[in-house]
Amino acid sequence: ECLLIVLVGLPARGKSFIARKLLNTLTWRGNQCKIFNVGKYRRKITKGQSETEDAGEQEEKKEGSPSRDCSKSNKTNDADFFDDANQEAARLRLEAAAAALH
């Protein structure tokens, strides 16, 4: 029998605090528990991509091309990362999930 508890909410609203309290309580009651912070895995996965994009932007600036709009760069770190229509983000989400499970 497995139990999965998912905490979702705005930043700095106590999700990590509540997760640690639940971990302590459930562990005390004899359950095996583990906390996964999906944001940590997402930042790790998208870090390599943002470095690649940054290098591309630097190359464009050297060549004299117009730089990209800041709002369009690194789409994996904003809400588009969770958009179902974003195929690249879907691949990265699966990669982050696999990293969390191993």
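Structure's up top.
These remarks concern the structure in this document.

1. Details of a nonpolar patch on the surface
Point 1. On the surface, a nonpolar cluster with roughly 550 Å² of combined accessible area is contributed by L3, I5, L7, F17, I18 and L22.
Point 2. Structurally, L22 is set in helix α1 (residues 15-28).

2. Examining helix α3 (residues 87-101)
Structurally, the α-helix is built with 3.6 residues per turn, so residues lying three or four positions apart point the same way.
Point 1. Taking 1.5 Å per residue, 15 residues should reach 21 Å; α3 reaches 21 Å between its end C-alpha atoms and fits that length.
Point 2. Looking only at α3, the buried set comprises A89, A90, L92, A96 and A100. Summarising the axial view, the buried residues of α3 lie within an arc of 165 degrees, below the 170-degree limit, and thus occupy one face. Opposite the buried face of α3, at more than 90 degrees from it, the exposed residues are Q87, L94 and L101.

3. Thoughts on the packing of aromatic side chains
Point 1. Applying the stated rule across the entire model yields one aromatic pair.
Point 2. Pairing F81 with F82 gives two aromatic rings, centres 5.0 Å apart and planes at 85 degrees, and the pair type is edge-to-face.
Point 3. Stacked on the ring of Y41, the Lys or Arg K40 has its end atom at 5.3 Å from the ring centre.
Point 4. Against the face of F81 rests R42, its NZ or CZ located 5.8 Å from the ring centre.

4. Concerning unusual backbone geometry
Glycine aside, a negative phi is what most residues show, and trans is what most peptide bonds show.
Point 1. Positive phi, close to 60 degrees, is recorded for A12, a residue that is not glycine.
Point 2. Tracing the chain through its elements places A12 in the segment before α1.

5. A closer look at the pattern of salt bridges
Pairs can form between side chains of opposite charge once their charged atoms are near each other.
Point 1. Tallying each qualifying case throughout the model produces two salt bridges.
Point 2. Notably, a salt bridge pairs E88 with R91, separated by 2.5 Å at the nearest N-O pair. Of this pair, E88 and R91 both sit in helix α3, separated by three residues, roughly a single helical turn.
Point 3. For R91, a relative accessible area of 42% translates into the label partly exposed.
Point 4. One salt bridge in this structure joins E95 and R91, with 3.0 Å as the shortest N-O distance. One end of the pair is E95 and the other is R91, both in helix α3 and four residues apart, which spans about a single turn.
Point 5. Each member of the salt-bridge network shares a partner with another, and the members are E88, R91 and E95.

Criteria and cut-off values
- Residues numbered from 1 in each chain as written.
- Predicted model: local features only at pLDDT ≥ 70, side-chain atom pairs only at ≥ 80, totals over all residues.
- Heavy atoms only, no water.
- Patch = residues over 30% accessible without salt bridge, like charges linked within 9 Å, V, L, I, M, F, W, Y side chains within 5 Å.
- Areas by Shrake-Rupley, 256 points an atom, 1.4 Å probe, with all protein chains shown as cover.
- Salt bridge = Lys/Arg side-chain N within 4 Å of Asp/Glu carboxyl O.
- Helix = DSSP H or I, 4+ residues; strand = E, 2+ residues; numbered from the N terminus.
- Expected span 1.5 Å × (residues − 1).
- Buried < 20%, exposed > 50% of the residue type's maximum accessible area, 1.4 Å probe, protein only.
- Arc of directions from axis to C-beta.
- Phe/Tyr/Trp six-rings, centres within 6.5 Å; stacked < 30°, edge-to-face > 60°.
- Lys NZ or Arg CZ within 6 Å of the ring centre and 35° of its normal.

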